[in-house]
Structures are given as structure tokens and as C-alpha cells.
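# Chain and residue survey
Here is what each chain is made of, one letter per residue.
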Amino acid sequence: MYTEATRSGGEALEQPSAGRRGPAGRWRAESGCGRHEPEAGLEEYQKARLRFVQTVAEQATRPQNIQTLQNAGVLSLLRPLVIDVVPTIQHTAALALGRLASYSDDIAEAIVKEDILPQLVYSMAERNRFYKKAAASVLRGVGKHSPQQAQAVIDCGALDALVVCLEDFDPGVKEAAACALKCISGHNAELSQAVVDAGAVPLLVLCIQEPEIALKRIGASVLSAIAQHSPELAQKVVDTGAIAYLAQMILNPDAKLKQQILSALSQIAKHSEDLAEMVVEAEIFPVVLTCLKNKDEYVKKHACTLMRDIAKHTPELSQLIINTGGLAAVTDCIGTCKGNTRLPGIMMLGYVAAHSDTLARAVIISKGVPQLSVCLSEEPEDHIKAAAAWALGQIGRHSSENARAVAITNALPVLLSLYMSTESSEDLQMKCKNAMKSILHECTYLPALEPFLYDAPPNILKHVLGQFSKVLPHDSEARRLFVTSGGLQKVQEIQAEPGSFLQEYINRINRCYPEEVVRYCSPGYSDTLLQRVESYQPPTD
């Protein structure tokens, strides 16, 4: 109850108590205002603020509205609302900012310039779980666009707040914080190191042990993002005991979780022989092979990637995979997949074959060569064709038997065609050229080489003639077939520069035959014979 007030002129005004009417009471009645006018105004203001943030949050879900909202200066209007006294307004304002930040790098940069992030981070420790999740989404939306924006998130002290959120009792808060950490650590090694230094890795390992599948997924995903950058960061992940927990979850029925688990193990194994051995020692074989038959294409791809990143290091690790049936399983997987799902399996076969002739023979025995030849012929993407060409070259380069195994699949003409095609990428042309050279250098199966005599450019043709010059001196049947098939005649038609390797190989081939046979196969010899017939004077009786 008001007892006294002072008018602007200094005159005291006695306010009536409840039930009394006086001059002031009459004035209040005449003005049309109730006792709770200040409260009503505040309530209307609160409702207006809430309607505003709800409208912005809803509008921000549609990409066509984003630019309009930004041009209207909505970021400046949202800035004070993230620290509003009303929790619902705080949470909704942060939610709107998170949606806006995710849209583009320009908006994320504008949020940084508006100095909104420090307010969010400061409030995270004091607010409820809804605000924490929304604030983490803003940090994720800003940090995902570029290393510079991620660094801005770190500079405002967000890492400590996010790590604290990983210890929150609410799984949703943990998940939101982990998502933000993934966006930060995914950019480069320096940012990942900052995440590690903040103490996130042990808590992420705890996340993958939680019962919630979504939390397991994002926990494994962040560990994968950290481990990918360097052996040192991968070792940090290993030192927390992550491999054992990851390996235990390979058989989890959730396909998306399998993808993240296999990816994390792969990112660890790829860096060095020691790390790969640690992954293998977690007894992931033969469990991983079951993933190659999974219905999910990405599970198959990540399983092949893991095996590739293990096999590439040493012959011993490749042999271990072979001993568990991994080579045949990958070959079958390549046959049942299409497109980019095939790529890591193709590369895995190439890495195994590259180690030694024995391992290349193992790829041949597992029927890997026909599958690679099919990929070379059928896949529309140049980078997949290039990988298949490289793998075939690794198989064929060790011995004549291996080169023959490649040649009889009709892969050589396809390699030549792709090499000469103007539509092939530069990388594909180079891979095909190198593969042909490797295979031709060892190939003694002449029927596969003869087509090159008619179509190959000089830089490839010299390798083909080089093989003929090695085989023909020691194989009489091959010499006869070379004549009857028209091969020797074609050799005589080749225009080679004097003193070149090409001319030297032609000379070696010609020395394998009687002079009259070489003349018989030479261009214009039939005309010479006709001239001799015309000029011949038969003897008279």
C-alpha cells in the first residue's frame, strides 16, 4: 500500500489505503489503469519477446528465410535475449542462433563479430539442460564451417564448457557437446590437439560406454575425427583404452554405430604399423568380416577401409588378413557393390599385392583380378577406374605368371583405351600408363600383346616389342604364330627413328627370322615380286 508520493511540483499526495477512495484513487480510476499496470506491461513485454524468438526460430528452419532474417539485423536483436531472465526465451533464442549459424559461414562469422559466443559460454554453466543443448548447437553451427570459426569458438572458452557438458547427467547434453567437439576437431590437427588438451578424450571414451545409441555414435565419431590427423593424436586416443571398447561394439546391430566404430579403428590403424598392430590385437578378426555382408553399404565400405589401412603397412599384417579369410571376403564384397563402396576394397587388394609376389598370387587365387577388371570396365567414375588400374599394376608387376593372370582377363586393351581417351582424367591416364608398363615388363603371354602392335602409341609400343624381342629367340612355336598371325608383318610397318629403343627391338625381332621371311613380311614386297614377274624372261627351249 502506497502511503505517500510527491508530485512533480513537490506537493505531498496521500495515497488511499485499500477500501478508501480519494483524489489519487479518483485519478487512477479516471485514467483507466488497474493496480497491476506495471506487472501487466512486463507480462506483455515478456510475451512479445517470447513470440519474437519463437518466430525467428521457426523461420530459421527454412533456408529461403535466412538471408532476409540476417538483413533485418536479427542477430543483434537475439544477442540480449540469450541472457534473458526468462529461461524459455534464453533457450529459444539460442536455438534460433544455432539454426542460423548452421546455414552459412557468413552468418557464423557475423555471430562471432556480434560477440554472442562469450555470453553463451558464460551462461552454459548456470542454465538448464535445454539451454545447454541449444548453446552447444550454436557452437557446433559456428565451428563447423572453417578452422577460423572453430578457433573463434575455442577463443571464447567454449572447450572447457563443452567438456563439462560431457559430464552432465543428461544424455542429450552430452550428445550436443560431443557434436560441437566433432565439428571443431574435424578441421585440423591443431584444433584436435586443443580438444585433447581440454581433457575431452577420456570422457568421450565414457560416452561410447553409455547405453544410448546416439551417444555411442557421436562419441565414436569424435574419437575418429581426433585420431585422423596424426599418429600422435591417434596415440592419445589409444592411451585412454579406446580400442578395446570400440572393438567390442563391432557386432552391435545398429548400422550407423558400426560405421563410426569401424571408421574410428581405421583412423587409428592407418598411421603406423604399431598402431595397426594394436587394433589387430583387439581381436577384430574375423569379426570385421561379418560387416562385409551387412546390408548397409557404408558399413561394408568402412569395413573394407579398416582392412585396407591395416594391410598397407606390412606383408605380415596382410598375411594375417589372408589367414582369416579376409582377402576372399573383400573380393566377394567388391563383386556385390557398386561405386565408391568398392573403392577401399579395390585399394586393399592393391596394397596386399604390392608387398610381394606371394601375396599377389594370393590375390589372384582369391579371384581378385577378374573383379578388378570388371571395375575397370564398368565403373563410370574415373577415380575408381584409376584405383583398379593401379591395383592391377601391383598384381602384374611381380612375375610373368602374375602378368599373364592379368592379361587373360582382357584388362590390357581396356587400360590402353582409357590411357588414350581424351575423356579420361589426367590421374586415370597416368595410372593406366604406369600399370601397362608394369604388366608389359613382365608379360610373356604374346597373344595378349599382339593387339598393342596395331593401336599402341610409341611410348607403349616399345615395351610391347621389348617383350617380343625377349620371348621369340627362345620359342619356335611363338615365332611361327607371330608370322601366321600377321604380327611380324605389322612390325615391319612400324616407323621407328634410327637408334631408338623401338628400332633396336625391331632389329632384335627381325634377327629371329631368315632374311627372306623378313623381306616377305615387309611392306611393298608383293609389288617387288610382281615387278620381278613382269621383268622375268622365261628360258626358251
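One can find the structure itself at the top, above this paragraph.
In this report, we go over the structure that sits alongside the text.

Definitions and cut-offs
Residues numbered from 1 in each chain as written. Predicted model: local features only at pLDDT ≥ 70, side-chain atom pairs only at ≥ 80, totals over all residues. Heavy atoms only, no water. Axes fitted to C-alpha atoms, helices over the stretch in contact; angles between N-to-C directions. Helix = DSSP H or I, 4+ residues; strand = E, 2+ residues; numbered from the N terminus. Contact = heavy atoms within 4.5 Å. Nonpolar A, V, L, I, M, F, W, Y, C, P; charged D, E, K, R; others polar. Buried < 20%, exposed > 50% of the residue type's maximum accessible area, 1.4 Å probe, protein only. Arc of directions from axis to C-beta. Parallel < 35°, antiparallel > 145°, perpendicular 65-115°, else oblique. Left-handed = near helix turned anticlockwise from the far one by under 90°.

### Concerning the packing of helix H14 (residues 213-227) against helix H15 (residues 231-239)
- Relative orientation of the contacting elements H14 and H15 amounts to 145 degrees, with a least axis distance of 7 Å. From H14, Leu-223, Ile-226 and Ala-227 reach across to H15, where they touch Leu-233, Ala-234 and Val-237.
- Here the residues of the contact of H14 with H15 sort into six nonpolar, no polar and no charged.

### Some details on the environment of Arg-508
- Tracing the backbone shows Arg-508 in helix H35 (residues 501-510).
- Owing to a relative accessible area of 36%, Arg-508 belongs among the partly exposed residues under this scheme.

### With respect to unusual backbone geometry
- For the bond running from Phe-285 to Pro-286, omega is 5 degrees, close enough to zero to count as cis.
- With respect to the element layout, Pro-286 can be found in the loop between helix H18 (273-281) and helix H19 (287-291).
- Not every positive phi belongs to a glycine, and Glu-283 is a case in point at roughly 60 degrees.
- By the element assignment, Glu-283 lies in the loop between H18 and H19.

### What to know about H15
- Within H15 the residues assigned to the buried category are Leu-233, Ala-234, Val-237 and Val-238. Buried positions in H15, seen along its axis, are confined to an arc of 150 degrees and lie on one side of it. Among the exposed residues of H15, those pointing more than 90 degrees away from its buried face are Glu-232 and Asp-239.
- Contact partners of the buried residues in H15: helix H12 (189-197), helix H13 (200-207), H14, helix H16 (242-248), helix H17 (255-269) and H18.

### Topic: the environment of His-441
- Mapped onto the secondary structure, His-441 falls in helix H29 (residues 426-442).
- Other than its neighbours up to four places away in sequence, His-441 contacts Gln-467 and Lys-470.

### Observations regarding the packing of helix H25 (residues 368-378) against helix H28 (residues 411-420)
- The N-to-C vectors of H25 and H28 enclose an angle of 30 degrees; their axes lie 10 Å apart at closest approach. With respect to H28, the axis of H25 lies roughly parallel. Of the two elements, H25 crosses H28, and the hand of that crossing is left-handed. The segment H25 lies against H28, with Ser-373, Leu-376 and Ser-377 engaging Ala-411, Val-414, Leu-415 and Leu-418.

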